[in-house]
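# A closer look at the structure
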Amino acid sequence: MVIRWHRHRPAADHGAVRILVTGHRGNVGGPVAAHLESLGHDVTGFDRVDGDDLLDSAAVRSAADGCAAIVHLGAIAHDDGGSPEQIMAVNVLGTWHVLLAAEAAAAGRVICFSSAQVFGTAEGEGLPDYFPLDDGHPRRAKRPYGLSKRLGEDMCQGFTARTGIATMSLRPVAVWDPGMYQRIEEKWRDDPQSEWHPFWEFGAFVDVRDVATAVRQALTVPLSGHHRVLLCAADIAASEPSADMAARLTPAVPVGDPAPFRHDPWRALVDCSAASRLLGWRPVHKWSTRGLLPAPVMRQSGRDIPAVLEAASSCRSM
Ligand SMILES: NC(=O)c1ccc[n+]([C@@H]2O[C@H](COP(=O)([O-])OP(=O)(O)OC[C@H]3O[C@@H](n4cnc5c(N)ncnc54)[C@H](O)[C@@H]3O)[C@@H](O)[C@H]2O)c1
């Protein structure tokens, strides 16, 4: 597999691919940056915690210089994280600065963190038209955070159409760290209603380790154009099977084809087939195993990493 990440320049010494990761001090950016470093990449971080500001276009451009790709996570990551003005400024203008920096650096691709909140179905904002929610569902976010992510996706699409630089908008549902499984179980034990009160989020979550592998895949698969993919675990975090939960808590939302839920009762109510098709991504961490890797996957992981490094080295030789 040959991937042209960058058009005219090797990324760094001894062939390592240089990648700008914005928001690398954050909950998701930290593990993503660490994962890319563990694969041998040369990661340049950019985060306000270190005094870097996405609103400073020249600083973003300077940080991106020489980078083969950008992974953009830096953001105000929730409606409670800032004023509407700040959210729109950082998430929209900041993303625009990242895209301009990618163009100036002649980067091969930009992996941009969007969110499942683009659909306007999180935290009580609205219900989906159907289950499983998929990437073709209308985007109806109206609050600043979800709206900023919608605008970010649209900017990526227009940017790719103009420059030809591939962009991938990743749409994670709630991202969990490995300790979250236990914290959720304890919370539900103390207050069983907290599973669905004040909002039921369809039991959807994705483990941050699976998010990191999605980024790895997004950086290594052949890619052109602009794409948007949901990221969600394969099963739901819930005390009842998916169809039962949906029937009880969201009776107005039809479940498209009930057959898969008869075969796999805890199947996720979010469809990640676009991520599977485009990235070959399969989340391995599940609620049913409380985030632990099933034994066969653990055994395979040692063989998996050299294959990834091989893919990366084919990028380096461009
Ligand atoms: N955590 C989730 O459940 C989740 C779900 C869907 C999408 N996302 C998206 O994933 C990305 C990472 O989320 P997270 O949970 O790690 O958030 P986070 O708040 O932990 O990290 C965001 C990082 O961005 C940095 N940042 C904020 N403003 C900045 C600025 N002006 N300049 C430079 N850096 C700035 C922060 O300092 C922080 O380290 C975000 O884009 C978020 O919208 C997160």
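What this report covers is the structure whose coordinates are included nearby. (Residues numbered from 1 in each chain as written. Predicted model: local features only at pLDDT ≥ 70, side-chain atom pairs only at ≥ 80, totals over all residues.)

### Points about the site of the ligand
Under the convention used in this document: Whether a residue is near a molecule or strand depends on its C-beta atom, placed from the backbone, lying within 6 Å of it. Three residue categories are used. Nonpolar comprises Ala, Val, Leu, Ile, Met, Phe, Trp, Tyr, Cys and Pro, charged comprises Asp, Glu, Lys and Arg, and polar comprises the others, including Gly.
Of all residues adjacent to the ligand, which total 25 residues, the nearest are Gly-23, Gly-26, Val-28, Ala-75 and Ala-77. Partitioned by chemical class, the residues of the shell around the ligand number 13 nonpolar, seven polar and five charged.

### Here's the deal with the sheet that holds strand β5 (residues 166-172)
Selection criterion: A pair of strands is treated as paired once DSSP finds two or more bridges between them. Helix and strand assignments follow DSSP, with helices taken as H or I runs no shorter than four residues and strands as E runs no shorter than two, numbered in order from the N terminus. Axis definition: a line fit to C-alpha positions, over the contact stretch in the case of helices; interaxial angles, taken between N-to-C directions, run 0 to 180 degrees. Distance between backbone-placed C-beta atoms decides contact: two residues are in contact if it is within 7 Å.
Here we have six strands laid out as an open sheet, ordered β2-β1-β3-β4-β5-β8, and parallel in their pairing. Each edge of the open sheet is held by one strand with a lone partner, namely β2 (42-46) and β8 (226-231). Within this sheet the neighbouring strands show an average axis-to-axis angle of 20 degrees, counted without direction. Of the pairings in the sheet, the one linking strand β1 (residues 18-22) to β2 comprises five bridges and is parallel in character. If you follow Leu-20 over to β2, its bridge partner there is Thr-44. Along the sheet, helix α2 (residues 57-64) makes contact with β1, β2 and β3 (69-72), crossing β2 at roughly 170 degrees.

### Quick look at the pairing of β8
Worth spelling out the cut-off: Every C-beta atom is placed from the backbone, and the number of other C-beta atoms within 10 Å of a residue's own sets its class: buried at 20 or more, exposed at 12 or fewer, partly exposed in between.
Across the six residues of β8, six count as buried, placing the element largely inside the fold. The side-chain alternation of β8 yields two buried faces, one formed by His-226, Arg-228 and Leu-230 and the other by His-227, Val-229 and Leu-231. Pairing of β5 with β8 involves six bridges; the strand directions are parallel. Looking at β8, one finds that Ser-169 is bridged to Arg-228.

### Thoughts on unusual backbone geometry
A cis geometry characterises the amide bond from Phe-131 onward to Pro-132, with omega recorded as -10 degrees. Mapped onto the elements of the fold, Pro-132 is located in the loop between β4 (109-113) and α4 (144-163). Cis geometry marks the peptide bond from His-197 to Pro-198, where omega comes out at 5 degrees. Notably, Glu-123 is not glycine yet its phi reads approximately 50 degrees, a positive angle. For Arg-290, which is not glycine, the phi torsion reads 50 degrees and is therefore positive. As for its placement among the helices and strands, Arg-290 is situated in the loop between α9 (273-279) and α10 (295-316). The exposure class of Arg-290 is partly exposed, given the 14 C-beta atoms found within 10 Å.

### Observations regarding the environment of Cys-232
Along the polypeptide, Cys-232 turns up in the loop between β8 and α7 (242-249). The exposure class assigned to Cys-232 is buried, which follows from the 26 C-beta atoms found within 10 Å. Separated by 43 residues in sequence, Cys-232 and Ala-275 place their C-alpha atoms 9.6 Å apart. In contact with Cys-232, not counting residues within four places along its chain, are Val-173, Ala-204, Val-206, Ala-268, Val-270 and Cys-272.

Function-wise, these values are silent; they only describe arrangement.
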